[in-house]
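Spelled out from the first residue to the last, the chains are:
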Amino acid sequence: MSRPRIFVTRRIPEAGLTRLRASFEVVVNPDDRPLTTEELHRGVADADAVVGLLTDRIDAAFFDAAPNLKGYANYAVGYDNIDVAEATRRGIPVSNTPDVLTMATAELAWALLFAVARRVVETDAVMRSGAWTGWGPLQFIGADVSGRTLGIVGAGRIGTAMARMSAGFNMRVLYTSSSSRNEELERDLGARRVEFDELLRESDFISIHTPLRPSTRHLFNADAFRLMKNTAILINTGRGPVIREDDLVAALRAGEIGGAGLDVYEMEPRMAEGLKDCPNTVLLPHIGSATHSTRDNMALLAAENIEAMLAGTRPPTILNPEVLK
Ligand code: DGY
């Protein structure tokens, strides 16, 4: 009997591919680049299951192109690229990769926060250019972090981890959450759940961890920037479209906010016109989960989900458990 066929839309770490190859015939996109929609649809035509990326659109047209599909595993925790309702209508299980990337992403949010607050990238460039003339009392002065107020937008797994890491800096923590209160943060850090506007007004640092949904698209827009302190620093390691990037550029240029550290962008891989020239920004290429062990664990978790989908058992991180009989 022939083995089920798994299509992997872009090369992922070997740990996951090896695990998949133990039970399945595995076909991997040979080029290290995202597939066009046409290529994706051609690739999945005879697939029993697919491992895909946040750059792949998993919608009705995708499912139409994959008539044998019994499961789809996203190699990402964010799943705004998947039409989960459509998958559910068709009885197809879909999964993501939560937990395994929580600490790596929260750590990167801190790396951005400190890099912007203490002007790390800008001053590194000064050293490399040979322009530094020696220590000076008025040079390169940045922002304090310890004792300041940290606003967490979306206190889920990653937001909670980021907030917890603030304990060493003795920060006051505010958070917003669209679901329930975060009792862990309230108990352990004395964090306070507030309305979005209060978080904007009060925070010295704001870190975005909310998923992208219709209600969070462009949550950070000109109105939000007007409410923020003009010294506040905005960090985004979640999804780019939560920020209206043209408005961010305008706010940075006008000095309405103090700076921004971004790992994600509204129209990846492009940035809004002018963003790269804005002062007090650190701009990274979507590397929140990019540590060796995290990327390996994401690949293993995706493989585990595929195994369960094809065995008819419960995938460990299924997004639509209602499809299971
Ligand atoms: C995710 O998992 O959603 C990140 O954006 C990439 O690891």
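Residues numbered from 1 in each chain as written. Predicted model: local features only at pLDDT ≥ 70, side-chain atom pairs only at ≥ 80, totals over all residues. Heavy atoms only, no water.

## What to know about the sheet that holds strand β5 (residues 94-95)
One open sheet accounts for 5 strands, arranged β2-β1-β3-β4-β5; its pairing is parallel. Each edge of the open sheet is held by one strand with a lone partner, namely β2 (25-28) and β5. Pairing of strand β3 (residues 49-52) with strand β4 (residues 72-74), which is carried by 3 bridges, proceeds in the parallel orientation. Its bridge partner being in β4, Val50 is matched across the sheet by Tyr72. Running at roughly 140° to β2, helix α1 (residues 14-23) makes contact with β1 (5-8), β2 and β3 of the sheet. (Pairing = 2+ DSSP bridges. Helix = DSSP H or I, 4+ residues; strand = E, 2+ residues; numbered from the N terminus. Contact = heavy atoms within 4.5 Å. Axes fitted to C-alpha atoms, helices over the stretch in contact; angles between N-to-C directions.)

## Section: the domain arrangement of the protein
Its domain assignment divides the protein into domain 1 (5-100 + 292-324) and domain 2 (102-283). Listed by partner, the interface residues are 8 residues for domain 1 and 5 residues for domain 2. With both sides pooled, the region where domain 1 packs onto domain 2 buries about 580 Å², and carbon together with sulfur makes up 46% of that total. When the buried area of domain 1 at its contact with domain 2 is split by residue, Leu54, Asp80 and Asp99 rank highest and sum to 63% of it. (Domains from an automatic or database assignment. Buried area = accessible area lost by both parts, 1.4 Å probe.)

## Looking at the nonpolar core
Ranked by size, the top nonpolar core spans 45 residues in total, and within it Ile6, Val8, Leu20, Val51 and Ile306 carry the most contacts. If one sorts the elements of this core by residue count, helix α5 (residues 102-117) sits on top with 8 residues. Residue-level mapping places this core at the junction of two domains, with at least three residues from each of domain 1 (5-100 + 292-324) and domain 2 (102-283). With residues up to four places along the chain from it excluded, the contact list for Leu20 reads Ile6, Val8, Val26, Val51, Ala303 and Ile306. Phe196, Ile243, Leu248 and Cys278 belong to the second largest nonpolar core, which has 28 residues in total. (Core = buried A, V, L, I, M, F, W, Y, C linked by side-chain atoms within 4.5 Å. Buried < 20%, exposed > 50% of the residue type's maximum accessible area, 1.4 Å probe, protein only.)

## A short note on the packing of α1 against helix α12 (residues 292-311)
Packing of α1 against α12 leaves a shortest axis separation of 7 Å and a crossing angle of 20°. One element, α1, and the other, α12, form an angle in the roughly parallel class. When you trace α1 past α12, the crossing you get is right-handed. Contacts between α1 and α12 involve Ala15, Gly16, Arg19 and Leu20 from the former and Asp296, Ala299, Leu300, Ala303, Glu304, Ile306 and Glu307 from the latter. Classifying every residue of the contact of α1 with α12 by side-chain character gives 6 nonpolar, 1 polar and 4 charged. (Parallel < 35°, antiparallel > 145°, perpendicular 65-115°, else oblique. Left-handed = near helix turned anticlockwise from the far one by under 90°. Nonpolar A, V, L, I, M, F, W, Y, C, P; charged D, E, K, R; others polar.)

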